[in-house]
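Commentary on secondary and tertiary structure
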Amino acid sequence: MPRFIPSVAVATSVGALVAALVVASPAFAESTDPTVVPTTAPTSTPVASVPVGPGELERTFVYRCEGIFWGLNLGTHSVSVRATADYPELAAPGDVLAPRSASVELELSELLRQSVHLLLNGTSYEGTADADWTLTTAGRATAWDTGDLVFPRAPIPEEMNEPWRLPGRVELPAVTVPDEAEGALWLSLPQRFTLAGQMHTTSGETHDGEFTCTAPADRVLGGVALEGSTDPTPPPPDPTTDPTPDPDPTTDPTPDPTPDPTDPTPDPTFGPFPDPSSPAPVGPGTLTRTVTYWCGIVTGGLDLGVQRVDVRATVDYPEVAAPGDVLPARQAELVLRPQELLRQSTTLLLGAREFEASSQGSAWSFTTADRTTAVQAGDIVAPRSGIPQDAGRVWNFGAQVVLPALTVPGDTAGGLWLNAPDQFTLDGTFRTSDLSTIPATMDCAASGDRRVGGIALEGWTYPTSPPTTIPTTPTPPTTPAPTDPTGPTVEPTTQPTTAPTTQPTTGPVLLQPSVKVGALALWRSAVFTVGVSAKGTLPSGNVTVRLGDRSVAKGRLFLGVTVLTASNLPKGQHTFTISYEGDAKVAGRTVTKVLRIN
């Protein structure tokens, strides 16, 4: 019979949240409900009271688990652990409870799913964990040497917000009810376990994936019923390891008023964002509108995925203009609001505290008389500002851009609309708590209406409900860019016109894509992050990486991005060919990338 000892459990904290690695991934919500603000904060208690037999014992716990996959630290996350064991017996002291199997199911966070699936191309996972449970009765506890927690190979969902669950089992050995047992014989899950396993990728490779998990203070699964006992009281939660406060706080030195230089600058209060679907405002006066962008974000050579970023643009046009008037240059104020998933990715995975960025110019435009004219504006400059560290706190960062002088066209009709850029790229830097810097690129494309507002014109009354999108007209055959379903058709494009197409010239006009490739050379292998964007749509389809005539990696776009791993590569400098095959709306395109393999 096992010897019982007083129950004094010590909670063990998970190690450092983020290793000093230049690594990131798309981010993500703990909840599978897309309307809920995502959070990585753990639930303080299980969702149900402690059950007592005879019958099934089932309870859900929230563990804190640090994930390390393929040598990359993916941060510490809340993981739901649901355990079920059936004890139909009504036991008595001295009884031997037969061995049985219990189920343990992990439900991992959306942030982890996206990190493993998008960043590392993981398709399935399997693993085992060796961890002792605990038996408690009459105020005494003992470690219970159970079998391994075994999690057979299970798929990693590809769809956003589809729960990633790992169903597992553990063999609970026979146990003899102690002679001094009273109340109930309580079963508790492991205080800590390490799940070591293998991640399988789209290319057929396997890589190590490990979770180190720590239980909440209350980890009691339930109690085996004992004869003659009613309403037994479960054992108390494990004691916490919170530090003991200073018994004499008055002796503390006066705090230094100088802030910690590594603390992020508090984010300013930017006020509300107008609904992107609201009508475009009209002058004279201040024009303010929110434009939605989808931004492919690459940092440290690895991809964070395609994220929504709302941009609030504000510019003052107090004039009532007439044809031929010259409207002087002026500054527009921008506020960029990334989603919570991106805030989590940067703070939890990178350890980022601050961000700053700028563009190389920006292409704004004006629309009148069903004609759009592009104007080259100044750089979009976002000064260094703090990234909120608390879950659910909105991340805003401000930026400015100088709009050039404009001569009002002589044939102005239908209003004179100012349009935000169709696309822009921010080259930026994340700064971490240890003052290191990580380069980043945000490649953004507008989605929907991009009008900031209408400039007031003499003798012209704008319609009370302007059209929801920029006017369009048929595209002439000589136009260098295809029709943009969400914007003007004659706006110049920076994309080359010589990109190959997979459709016959007599068929429908396909959008020309922009294909950007980031590459990271590893030992005899390489990781390629490929982002594909096109006006007015999110491209889908396959991407293939070739070395010479040999295909070395292949994958499918997810939200316009895929991460491909090529293995068993020859040493030396090579030119890789990256081919996007296109889809029903977007033409194919092939680009090259030169990379030295060690």
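See the structure shown above.
Here's a quick rundown of the structure. (Residues numbered from 1 in each chain as written. Predicted model: local features only at pLDDT ≥ 70, side-chain atom pairs only at ≥ 80, totals over all residues. Heavy atoms only, no water.)

1. Focus: the overall build of the protein
Scanning the protein from terminus to terminus reveals 2 helices and 36 strands. Every one of the 598 residues in the protein was classed for burial, and the buried ones make up 51%. Residue pairs at least 24 apart in sequence account for 71% of intrachain contacts in the protein once pairs closer than 6 positions are excluded. For the protein, the accessible surface area stands at approximately 26,000 Å², while carbon and sulfur atoms represent 54% of it. (Helix = DSSP H or I, 4+ residues; strand = E, 2+ residues; numbered from the N terminus. Buried < 20%, exposed > 50% of the residue type's maximum accessible area, 1.4 Å probe, protein only. Contact = heavy atoms within 4.5 Å. Areas by Shrake-Rupley, 256 points an atom, 1.4 Å probe, with all protein chains shown as cover.)

2. Observations regarding the pattern of salt bridges
Under the criterion given, the structure shown has 19 salt bridges. Of the charged contacts, one joins Arg371 and Asp411 as a salt bridge, the two residues approaching to 3.1 Å between their closest N and O atoms. Highlighted residues: Arg371 in strand S22 (residues 371-377) and Asp411 in the loop between strand S25 (406-407) and strand S26 (416-419), separated in sequence by 40 residues. Of the residues examined, Asp411 reaches a relative accessible area of 41% and is grouped as partly exposed. The partner of Asp422 in a salt bridge is Arg450, and the shortest N-O contact between them spans 3.9 Å. With Asp422 in the loop between S26 and strand S27 (423-432) and Arg450 in the loop between strand S28 (437-447) and strand S29 (451-455), this residue pair connects regions lying 28 residues apart in the sequence. Judged on exposure class, the residue Asp422 and its partner Arg450 are both buried. Within this structure, Glu354, Glu356, Arg384 and Arg431 form a network of salt bridges that share partners. (Salt bridge = Lys/Arg side-chain N within 4 Å of Asp/Glu carboxyl O.)

3. Section: the sheet that holds strand S33 (residues 550-556)
Hydrogen bonds between backbone atoms are what pair the strands of a sheet, whose relative direction is either parallel or antiparallel. Across the sheet, 4 strands lie side by side as S33-S32-S35-S36; this open sheet has antiparallel pairing. Looking at which strands have only one partner, the edges of the open sheet turn out to be S33 and strand S36 (589-597). Going across the sheet, the axis of each strand differs from the next one's by a mean of 20°, ignoring polarity. (Pairing = 2+ DSSP bridges. Axes fitted to C-alpha atoms, helices over the stretch in contact; angles between N-to-C directions.)

4. Description of the sheet that holds S22
Spatial ordering of the open sheet is given by S22-S21-S26-S29, a layout of 4 strands whose pairing is antiparallel. The open sheet terminates on both sides in strands that have one partner only, identified here as S22 and S29. Each strand of the sheet is rotated relative to its neighbour by a mean of 25°, with strand direction disregarded. As defined by bridge partners, strand S21 (residues 362-368) adjoins S26 across 3 bridges and the pair is classed as antiparallel. Residue pairing for S26: Phe366 is matched across the bridge by Leu418.

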